[in-house]
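Here is how the chains run, residue by residue.
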Amino acid sequence: MMIEGFTALYIFMLAGFVGYEVISRVPVILHTPLMSGSNFVHGIVVVGAMVALGQAQTALEQIIGFVGVALAAGNAVGGYVVTERMLEMFKSSKE
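Predicted, not measured: the structure shown is a model, and the values here were computed from it. (Residues numbered from 1 in each chain as written. Predicted model: local features only at pLDDT ≥ 70, side-chain atom pairs only at ≥ 80, totals over all residues. Heavy atoms only, no water.)

Thoughts on the overall build of the protein
Okay, so step 1: Each helix and strand in the protein was counted, giving 3 helices and 0 strands.
Okay, so step 2: Helices and strands in the protein line up, N terminus first, as α-α-α.
Okay, so step 3: The buried share of the protein, taken over its 95 residues, is 15%.
Okay, so step 4: Put simply, the protein shows about 8000 Å² of open surface, and 73% of that area lies on carbon and sulfur atoms. (Helix = DSSP H or I, 4+ residues; strand = E, 2+ residues; numbered from the N terminus. Buried < 20%, exposed > 50% of the residue type's maximum accessible area, 1.4 Å probe, protein only. Areas by Shrake-Rupley, 256 points an atom, 1.4 Å probe, with all protein chains shown as cover.)

So, the nonpolar core
A general feature of soluble globular proteins is that nonpolar side chains tend to end up buried together.
Okay, so step 1: Grouped together as the largest cluster of nonpolar side chains are 5 residues: Val 46, Ala 49, Val 69, Ala 72 and Ala 76.
Okay, so step 2: Elements supplying a minimum of two residues to this core: helix H2 (31-55) and helix H3 (59-88).
Okay, so step 3: Considering each element in turn, this core owes the most residues, 3 residues, to H3.
Okay, so step 4: Non-local contacts of Val 46, meaning those with residues more than four positions away in its chain, are made with Ala 72, Ala 73 and Ala 76. (Core = buried A, V, L, I, M, F, W, Y, C linked by side-chain atoms within 4.5 Å. Contact = heavy atoms within 4.5 Å.)

Brief notes about a nonpolar patch on the surface
Okay, so step 1: On the surface, a cluster of nonpolar side chains totalling about 710 Å² of accessible area is made up of Tyr 10, Ile 11, Leu 14, Phe 17, Val 18, Val 22 and Ile 23.
Okay, so step 2: Residue Ile 23 is classed as exposed on the basis of its relative accessible area, which comes to 61%. (Patch = residues over 30% accessible without salt bridge, like charges linked within 9 Å, V, L, I, M, F, W, Y side chains within 5 Å. Salt bridge = Lys/Arg side-chain N within 4 Å of Asp/Glu carboxyl O.)

A word on the environment of Gly 68
Okay, so step 1: As for its position among the elements, Gly 68 is in helix H3.
Okay, so step 2: Sequence spacing of Gly 68 and Val 45 is 23 residues, and the spatial spacing of their C-alpha atoms is 9.2 Å.

Observations regarding H3
Okay, so step 1: Look at H3: 44 Å from first C-alpha to last across 30 residues, which is about the 44 Å you get at 1.5 Å a residue.
Okay, so step 2: Looking only at H3, the buried set comprises Gly 65, Val 69, Ala 72, Ala 76, Gly 79, Thr 83 and Met 86. (Expected span 1.5 Å × (residues − 1).)

Describing the confidence of the model for the protein
Okay, so step 1: The pLDDT averaged across the protein works out to 80; a share of 85% of its residues lies at or above 70.
Okay, so step 2: Within the protein, H3 carries the highest mean pLDDT (86), whereas H2 carries the lowest (78). (pLDDT = per-residue confidence, 0-100.)

Focus: the environment of Asn 75
Okay, so step 1: The residue Asn 75 is located in helix H3 in this model.
Okay, so step 2: Measuring from C-alpha to C-alpha, the distance between Asn 75 and His 42 comes to 6.8 Å, with 33 residues separating the pair along the chain.

Next comes the structure, spelled out in structure tokens:
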């Protein structure tokens, strides 16, 4: 069963609004620990995109699914890179 039309658009808009509200209220001191936790969520997004791609039947659905998997994977990798760079700032330099 697929979600169609305005229902899918409504869910997308609601998720975007809630995500913005949650992230905008995070204090700066908690940003690095939350980035590590959000990297876990990005992994779940990759799995969800792969499942959606596996269910694709038409060429258009397969293209959209592939783009979704590529963007989700890039998001997950980028999150780990950014977290690593942020953690490097807290290491002491012993030269």
